[in-house]
Amino acid sequence: MSDATYPEDLRYHEEHDWARIEGDQATLGITWYAQDSLGEVVFFDPPEVGATIQKDSSYAEVESVKAVSDVIAPLSGEILEVNDALQDSPEKVNEDPYGDGWLVKVRLTSPEEAETLLGVQEYRKMLDR
Amino acid sequence: MTTDAALRHTPLYEQHVELGAKIVPFAGWEMPVTYEGIREEHSAVRRHAGMFDVSHMGQVEVEGPGALAFLQRVLSNDVAKVAVGGAQYSCLCNEEGGVIDDLFAYRLGGDRFLIVTNAANHETDLAWLGRQSRAFDVLVRDVADRYAMLAVQGPHARGVVARALGIELPPRFHVSHVQIGRRPALACGTGYTGEDGVELLLDPEVSTPIWAELLDAGVVPCGLGARDTLRLEVCYPLHGNELTPERNPIEAGLGWCCKEETHFIGARTVAEARADGTAEKLVAFKIEGQGIPREGNSVMKGDEQVGEVTSGTFSPSLEIGAGMAYVRSELAEVGTELEIDVRGKRRPARIASKPLYAKRS
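What you are looking at is a predicted structure, and each value in this text was computed from that prediction instead of being measured. (Residues numbered from 1 in each chain as written. Chains lettered and ligands numbered in written order. Predicted model: local features only at pLDDT ≥ 70, side-chain atom pairs only at ≥ 80, totals over all residues.)

Overview of helix α3 (residues 67-74) of chain B
All names here are of chain B.
Argument step 1. The complete set of buried residues in α3 reads Ala67, Phe70, Leu71 and Val74. Across the axial projection of α3, the buried residues extend over an arc of 95°, all falling on one side.
Argument step 2. Looking at the buried residues of α3, the elements they touch are β4 (58-63), β5 (87-93), β6 (99-109), β7 (112-117) and α4 (122-132). (Buried ≥ 20, exposed ≤ 12 C-beta atoms within 10 Å, placed from the backbone. Helix = DSSP H or I, 4+ residues; strand = E, 2+ residues; numbered from the N terminus. Arc of directions from axis to C-beta. Contact = placed C-beta atoms within 7 Å.)

Structure representation (structure tokens):
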């Protein structure tokens, strides 16, 4: 598995999720730390397109051989797209958590929530504690 | 149960840390759950050779003129059938026929046996054996501190161990006295993976160099994660999951290791369960489609709960969700369609024959 990375251009949630915000839309995923803690991802159980998700609440599940983990929404929104490629290749979440391993795309319903998320420095500081 | 502050370490703990293992608390010990990934370790054992530090398991020596009679009383199998140098699987049952532990007994001499206990049950087993031994001319000794224990498993395990350590290995279900690291040791033709292999009981003082030698010989270090997926695929029960003091061996499908004619403790209940049948039976199942079952999930038939999952996982060999569950006996037939309630989602499943995974010949 790759070394720990946390891209500068993302916003982070304490529950180890990231958001790439573009206008009123965002791509969501789990951080390097989250996939490393979980181990090899073998199943992604996505929400349905059109479903609404609530900031700080679980919107999906990722599972490794040994454990299941809730994925917490960093922002509220409506699901526009889910990463279907993960059905056949869930390991992309481990190999490329910020790229091919993205989980969902959403239309933000409360874009102002982004201000409560962490920047990369703050997130790294949290991990070091 | 010990608290976090008192978690124990095996003699190989530093080696696991050095290899970058993920360490978890297990049965009072800090143990490696995986090094490079459960799937990789799992497939190393299925295809080549992997090794597990199982030094957390306990050892109990039973010695004396009454050793055989005593073990015949406390163990469910016919211990008299075991010749010197033999090994045998048994249940240790309570008066009600419930399973206190499941274990291997190795006959080291005419009047001398070694029992290998599950880590979580070691103290309970010792207390039970001590109490029951009073009526027999026998000494029950806790010898867990005398041994480090390494399970080397996989199609190439025997060859690699024999070459790397320069020892001759006993056939399957046998035990032999060997020298490992110039110290007396035991080599056992047993394991918990469904693959050929050996379990080595060696002097803790030489365990570090021996571990290193086996690593150098290409044996892949494997953690508790792969140990669990490997045993689950071949439907070996795990005490605490499939086996408990509240369930008898018959419902767990272990009737084959119970010989009621030996009048072991619990034999009466076991005989009754065998004759009358049990309300529930342990079955293996595969999920049809997506979803990974987990321990504690409800087994459903229509709107009715008809059982509970005892162990569930993603099977690395089959690449599907699979597990074992207790279900009502009338639904325990292979091929029966059921559903598993996986955190609120109904996942179609079908009862499968055991083992779930069998080597292609």
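Here's the deal with the domain arrangement of chain B
Residues and elements named next belong to chain B.
Argument step 1. Taken domain by domain, chain B comprises domain 1 (4-55 + 147-233), domain 2 (58-144) and domain 3 (279-352).
Argument step 2. Inter-centroid distance (C-alpha atoms) of domain 1 to domain 3 is 31 Å.
Argument step 3. Contact with domain 1, which involves eight residues of that partner, is made by seven residues of domain 3.
Argument step 4. Those elements that provide at least two residues to the side of domain 1 that touches domain 3 are α2 (38-47) and α7 (224-233). (Domains from an automatic or database assignment.)

As for unusual backbone geometry
Argument step 1. Cis peptide bonds are those with omega within 30 degrees of zero, and the linkage from Lys354(B) to Pro355(B) qualifies with -5°.
Argument step 2. At Asp56(A), a position not held by glycine, the phi torsion is positive, near 75°.
Argument step 3. Within the secondary structure, Asp56(A) sits in the loop between β5 (52-53) and β6 (58-64).
Argument step 4. Residue Asp56(A) is classed as partly exposed on the basis of its 14 C-beta neighbours within 10 Å.
Argument step 5. For Glu319(B), which is not glycine, the phi torsion reads 55° and is therefore positive.
Argument step 6. Along the polypeptide, Glu319(B) turns up in the loop between β16 (304-315) and β17 (320-328).

So, the nonpolar core
Argument step 1. By size, the foremost hydrophobic cluster in this structure holds 138 residues, and its most contacted members are Ala105(B), Val152(B) and Leu200(B).
Argument step 2. Broken down by element, the residue count for this core peaks at seven residues, all from β6(B). (Core = buried A, V, L, I, M, F, W, Y, C linked by C-beta atoms within 7 Å.)

Considering the interface of chain B and chain A
Argument step 1. Facing the 12 residues of chain B at the interface are eight residues of chain A.
Argument step 2. Considered class by class, the residues forming the side of chain B that touches chain A number four nonpolar, six polar and two charged. (Nonpolar A, V, L, I, M, F, W, Y, C, P; charged D, E, K, R; others polar.)

Points about the confidence of the model for chain B
Argument step 1. Averaged over chain B, the pLDDT score is 97; the fraction of residues at 70 or greater is 98%.
Argument step 2. For this predicted complex, the interface score ipTM comes out at 0.87, while the overall pTM is 0.94. (pLDDT = per-residue confidence, 0-100.)

Comments concerning the sheet that holds strand β19 (residues 345-352) of chain B
All names here are of chain B.
Argument step 1. A barrel is described by the order of its strands in space; here six strands give the closed sequence β14-β17-β16-β15-β18-β19, paired in antiparallel fashion. Taken pair by pair, the neighbouring strands of this sheet meet at an average axis angle of 45°, ignoring direction.
Argument step 2. Sheet analysis places strand β14 (residues 280-287) next to β17, joined by seven bridges and oriented antiparallel. For alanine 284, the partnering residue across the bridge sits in β17 and is methionine 324.
Argument step 3. α7 contacts β16 and β17 of the sheet and is inclined by roughly 125° relative to β16. (Pairing = 2+ DSSP bridges. Axes fitted to C-alpha atoms, helices over the stretch in contact; angles between N-to-C directions.)

Quick notes on the environment of Ser311(B)
Argument step 1. For Ser311(B), the position within the fold is in strand β16.
Argument step 2. Setting aside residues up to four positions removed in sequence, Ser311(B) forms contacts with Leu232(B), Leu238(B), Asn241(B), Glu242(B), Glu295(B), Gly323(B) and Met324(B).

A look at the environment of Ile23(B)
Residues and elements named next belong to chain B.
Argument step 1. Mapped onto the elements of the fold, isoleucine 23 is located in strand β1 (residues 22-26).
Argument step 2. Through-space distance from the C-alpha of isoleucine 23 to that of valine 33 is 5.8 Å; in sequence the pair is 10 residues apart.
Argument step 3. Excluding residues that lie within four positions of it along the chain, isoleucine 23 makes contacts with His16, Glu30, Met31 and Pro32.

With respect to the sheet that holds strand β10 (residues 175-180) of chain B
Whenever strands of a sheet pair, they do so through backbone hydrogen bonds, lying parallel or antiparallel.
Residue and element names in this part refer to chain B.
Argument step 1. Reading across the sheet, the six strands line up as β10-β11-β12-β9-β3-β13 and stay open at both edges, with mixed pairing between neighbours. At either end of the open sheet lies a strand with only one pairing partner, and these are β10 and β13 (220-221).
Argument step 2. In the sheet, strand β3 (residues 50-53) pairs with strand β9 (residues 148-153) via four bridges, with the strands oriented antiparallel. The residue bridging glycine 50 from the neighbouring strand is glutamine 153, located in β9.

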